[in-house]
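# Breakdown of the fold
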Amino acid sequence: MMTEPLLDSADFRQVCGHFPTGVTAVTAVTDEGGYAALTVNSFTSVSLEPAKVLFCLATASSSFAVLKNARRIAIHILAQDQEDIARRCATSGLTGADKLEGVAWTAGPDGVPLIPGTSAILTGTTDELITSGDHVIILIDVDHVHLKPSPVPALSFYRGRFSSPTAVAAD
Ligand SMILES: Cc1cc2nc3c(=O)[nH]c(=O)nc-3n(C[C@H](O)[C@H](O)[C@H](O)COP(=O)(O)O)c2cc1C
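Owing to the predicted nature of the structure, the values given are computational and were not obtained by experimental measurement. (Residues numbered from 1 in each chain as written. Predicted model: local features only at pLDDT ≥ 70, side-chain atom pairs only at ≥ 80, totals over all residues. Heavy atoms only, no water.)

Counting secondary structure elements, the protein chain contains five helices and 12 strands. For the protein chain, whose C-alpha radius of gyration is 16 Å, the value lies close to the compact-globule estimate of 16 Å for 171 residues. For the protein chain, the spread of C-alpha atoms along the three principal axes comes to 50 × 40 × 40 Å. Looking at the protein chain as a whole, 35% of its 171 residues are labelled buried. When contacts within the protein chain are restricted to residue pairs at least 6 apart in sequence, those whose partners lie at least 24 apart make up 66%. Total accessible area on the protein chain is roughly 10,200 Å²; 58% of this is exposed by carbon and sulfur atoms. Across the protein chain, the 11 positively charged side chains and the 18 negatively charged ones have centroids separated by 4 Å. (Helix = DSSP H or I, 4+ residues; strand = E, 2+ residues; numbered from the N terminus. Rg over C-alpha atoms; globule rule 2.2 N^0.38 Å. Buried < 20%, exposed > 50% of the residue type's maximum accessible area, 1.4 Å probe, protein only. Contact = heavy atoms within 4.5 Å. Areas by Shrake-Rupley, 256 points an atom, 1.4 Å probe, with all protein chains shown as cover. Lys, Arg positive; Asp, Glu negative; His and termini not counted. Charge placed at Lys NZ, Arg CZ, Asp CG, Glu CD.)

The following block contains the structure:
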């Protein structure tokens, strides 16, 4: 089978979208009390000892200003009944505080917003920021975790769409 030369970024985006991912909501707090909240599917674990994870952030996003100075970052692995949170945290034009309004979050270590009802949460501090193209890779040293297994399957994202219980049942 032949591969074709890459034509444009729309092709690139479409091909990358064929890789199914989980969905996380990332929150952060700065020393000045600034908040970020955004939906992220570029999350991955990096190292077990010491515990490190990463995600990639668009430097053009308004969340970048908060995340580059974050005192602490929290990553919430979302379940299928939390698609509303994923949609809200992916809304451009809202501040982090706006996105978190109505979510009934609680303050975790260092005041980082923790979203209730999330079965798996990791929080930590920034290890390194590596700029690459129009994104920055944010490496995080994880020092707190929360796990409360839920019967609801993880939310996933594939070819531009969220999984839904109906879609899963139909597959
Ligand atoms: C399923 C999904 C996954 C996303 N993953 C990422 C990601 O990994 N990195 C990123 O920078 N933006 C990602 N986004 C986009 C941000 O969530 C969105 O642009 C967010 O509103 C941040 O923009 P803002 O900081 O300007 O508000 C994703 C959006 C969706 C719907």
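To continue, consider the confidence of the model for the protein chain. Averaged over all residues, the pLDDT of the protein chain equals 93, while 95% of them reach at least 70. Long-range and interchain partners of residues 167-171, a stretch whose pLDDT sits below 50, account for two contacts in this model, where long-range means more than four residues apart. (pLDDT = per-residue confidence, 0-100.)

Here we take up the pattern of salt bridges. Across all of its chains, the model carries six salt bridges by this definition. Its salt-bridge partner being aspartate 31, residue arginine 71 comes within 3.4 Å of it at the nearest N-O pair. A residue pair is termed long-range when its members are at least 10 positions apart, and arginine 71 in strand 6 (residues 70-77) and aspartate 31 in the loop between strand 2 (24-30) and strand 3 (35-40) qualify at 40 residues. Among the ionic pairs, aspartate 141 bridges to lysine 52, the shortest N-O distance being 2.7 Å. Here the residue aspartate 141 occupies a position in strand 10 (residues 135-147), and lysine 52 occupies one in strand 5 (residues 52-58), the gap between them amounting to 89 residues. Given the relative accessible area of 26%, aspartate 141 is considered partly exposed. One network of salt bridges, in which partners are shared, links Lys52, Asp127 and Asp141. (Salt bridge = Lys/Arg side-chain N within 4 Å of Asp/Glu carboxyl O.)

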